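Structural characterization, general
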Amino acid sequence: MPYIPKSQNVIQKIMHEHFTSFEEVYDDRYAKEYGQFRLIRIKEAVQKFSDCGNYLKGIARIKCTDDTCKHEYFRPFSCKQWYLCPSCHQKRLLLLSEQLCENVLFRSPHRQFVFTIPKSLRVYFKHDRKLFSDISRLIHSLITDYYSEMKGISLKTGTVISYQSAGDILRFNSHWHALVLEGGLDKENNFHYISLKDLSDMTELFRQKVIRLLVKKKLLNHQFARNLLSWKHSGFSINNSVLLRPHDDRARENLCQYIIRHPVSLKKIEYIPAKSKVLYHTKYNEYWKENIKLFTANDFIAELTQHLPPKRKHMIRYYGLYSSRSKGKARIDGTYEKFGINGAGQGSKNDTNFDTESVESNKSSNQTWARLIQKVYEVDPMKCPKCGGQMKIIAVITDSFECKKIVGHLKKNKSPPFDIDVA
Ligand SMILES: [Zn+2]
Ligand SMILES: [Zn+2]
């Protein structure tokens, strides 16, 4: 029976060797900068992540349903920790982009933007993550107002906006990724196409609105606000405009994956165990004048885990035509069919918040996993490699003694390194 222990990735290794010491010094060294109450959240996520793909922590037993074949194999569980586990993050991104393309975005051109704010304002977002969604809402209304003004009538548009906290070399850099429908619907549901090419006016409006919001929240005083408004290079920007064409499914899905980035790319980091250091390589950054940074292992953990969103906080928001409330209506009046969307497929009741959680709970995790494996590896994991019959998950083993016994049996053979979402 095949078995390949999924090798630990470098972040797992760093956590394994240094998380205990990080935890010990957190209050003294990191709490002030990264948050007094975050350690509980960090610890829980890191624990799950450390067990990701570990056969000794839980195994699913998968067996061919053909009585004469009875071929079987085992898979370890995965941790589902977005923003921390690179492989689980990637998997959920695939699900999310599939969901966006099939069930959310109209088959019309979209653009993808990155909204950024000046460095001096980022600190407010570090300690009040609710502000992130205030800005998401602001971005949506900015675009809606812009379209309505361009056409001189009230238009409703759709946006999907995610908030990101990670900049280059893991720095805290609050910014927003937005997928924006180019155009909108009038009251009679006629679509008006509006190209979003020149964004200078919108950028200026973005600056004014964000500053106004922060003043209203008493985070900025009037003097500082006036200064910010007078800067020639304001530090506010809307850039990276990428066009999503309506009928290129593959390109659409690929682009949708950029909506949420993992804070770190494994290719960029090098762990030096003998020195307890982590070396980070990146492209040369004009502003910071560096392309390399050496972290102590503990500092690296602090910098990485600051990007873990608070638990159960949705980092993606759906607005306007793409909010589920609008989608409910659109389903009834047929707007969705008109724009080539399979709107009936998903059904989150939660207003603007559905994400892959709801997709996964709608379908069985077994099916979801199989579909993803097929997508990534182009093989069907639920098809028996021996007889072509249907495979089925017949048991989930979490008892550590049992797991150990199974691993002992399996060690001599090998298999492709898939893991499984059964938690
Ligand atoms: Zn994982
Ligand atoms: Zn079989």
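Residues numbered from 1 in each chain as written. Chains lettered and ligands numbered in written order. Predicted model: local features only at pLDDT ≥ 70, side-chain atom pairs only at ≥ 80, totals over all residues.

**A few points about the overall build of the protein**
Condition: Counting from the N terminus, the helices are the DSSP runs of H or I reaching at least four residues and the strands are the DSSP runs of E reaching at least two. With C-beta atoms placed from the backbone, the exposure class of a residue follows from how many other C-beta atoms lie within 10 Å of its own: 20 or more, buried; 12 or fewer, exposed; in between, partly exposed. What counts as a contact is two residues whose backbone-derived C-beta atoms lie within 7 Å of each other.
Along the backbone of the protein there are 14 helices and 13 strands. Looking at the protein residue by residue over its 423 residues, the buried ones come to 36%. Long-range pairs, those at least 24 residues apart, make up 72% of the contacts in the protein between residues at least 6 apart in sequence.

**Quick notes on the packing of helix α3 (residues 86–104) against helix α8 (residues 249–256)**
To keep it simple, the criterion reads: Inter-axis angles, ranging from 0 to 180 degrees, are taken between N-to-C directions of lines fitted to C-alpha atoms, where helices are fitted over the stretch in contact. If an angle is under 35 degrees, it is roughly parallel; if it is over 145, roughly antiparallel; if it lies from 65 to 115, roughly perpendicular; otherwise it is oblique. In this scheme the handedness of a crossing depends on how the near helix is turned from the far one: anticlockwise by less than a right angle means left-handed, clockwise means right-handed. Classification used: nonpolar for Ala, Val, Leu, Ile, Met, Phe, Trp, Tyr, Cys and Pro, charged for Asp, Glu, Lys and Arg, polar for all others including Gly.
It is the contact of α3 with α8, at a shortest axis distance of 8 Å, that shows an interaxial angle of 130 degrees. With respect to α8, the axis of α3 lies oblique. As α3 runs across α8, the sense of the crossing is right-handed. Every residue of α8 that contacts α3 at Ser97, Glu98, Leu100 and Cys101 is listed here: Asp249, Arg252, Glu253 and Cys256. Of the residues in the contact of α3 with α8, the class split is three nonpolar, one polar and four charged.

**Examining the sheet that holds strand β11 (residues 290–296)**
Sheets are built from strands that pair by backbone hydrogen bonding, the pairs being arranged parallel or antiparallel. Keep this limit in mind: At least two bridges found by DSSP between two strands is the condition for calling them paired.
The antiparallel open sheet is built from three strands, whose spatial order is β9-β10-β11. The open sheet has two edge strands with one neighbour each: β9 (269–272) and β11. Between one strand axis and the next, the sheet turns through 20 degrees on average, direction left out of account. Where β9 and strand β10 (residues 277–285) come together, four bridges link them in antiparallel fashion.

**Quick look at the environment of serine 241**
Residue position: serine 241 is located in strand β8 (residues 237–244). Look at serine 241 and you get partly exposed, because 13 C-beta atoms sit within 10 Å. Among residues more than four places away in sequence, those in contact with serine 241 are Arg111, Gln112 and Phe113.

**A word on the confidence of the model for the protein**
Counted only if it meets this: Along the chain, pLDDT gives the predictor's confidence residue by residue, from 0 to 100.
In this model, the protein carries a mean pLDDT of 82, and residues with pLDDT of at least 70 account for 83%. Across the protein, the secondary-structure element scoring lowest on mean pLDDT is helix α12 (residues 356–362), at 37, and the one scoring highest is helix α9 (residues 297–305), at 96. Taken as a whole, residues 343–363 scores under 50 in pLDDT and shows 41 contacts with residues more than four places along the chain or in a different chain. Below a pLDDT of 50 lies the segment residues 415–423, which in the model reaches 33 contacts outside its immediate sequence neighbourhood of four places, other chains included.

**Observations regarding the nonpolar core**
Basically, it comes down to this: By convention in this section, buried Ala, Val, Leu, Ile, Met, Phe, Trp, Tyr and Cys residues joined through C-beta atoms within 7 Å make up a nonpolar core.
Ranked by internal contacts, the top residues of the largest apolar core, which has 50 residues, are Ile139, Val160 and Ala178. Sort the elements by how many residues they give to this core and helix α5 (residues 130–151) lands first, with seven residues. Those residues within four positions of valine 160 in sequence are excluded, and the remaining contacts are Leu100, Val104, Leu179, Ile259, Ile316, Tyr318 and Tyr322. With 32 residues, the next largest nonpolar core counts Phe19, Cys52, Cys85 and Leu170 among its residues.

**Brief notes about the pairing of strand β2 (residues 72–76)**
With respect to burial, β2 is a largely interior element, four of its five residues being buried. Relative to β2, strand β1 (residues 59–64) is paired through five bridges, and the arrangement is antiparallel. Its bridge partner lying in β2, isoleucine 59 is registered against proline 76.

**A look at the sheet that holds β2**
Spatially, three strands are ordered β2-β1-β13 in an open sheet, and the strand pairing comes out antiparallel. Of all the strands in the sheet, just β2 and β13 (391–397) have a single pairing partner and so form its edges. With strand direction ignored, the average angle separating the axes of adjacent strands in the sheet is 25 degrees. Sheet strands touched by helix α14 (residues 400–410): β1, β2 and β13. Its angle to β13, the strand with the most contacts, is close to 130 degrees.

**Considering the packing of helix α6 (residues 200–216) against helix α7 (residues 222–230)**
Taken N-terminus to C-terminus, the directions of α6 and α7 make an angle of 175 degrees; their axes are 10 Å apart at the nearest point. It follows that α6 is roughly antiparallel to α7 by the angle criterion. For the pair α6 and α7, the contacting residues are Gln208, Ile211 and Val215 in the first and His222, Ala225, Leu228 and Leu229 in the second. Within the contact of α6 with α7, the residues separate by chemical class into five nonpolar, two polar and no charged.

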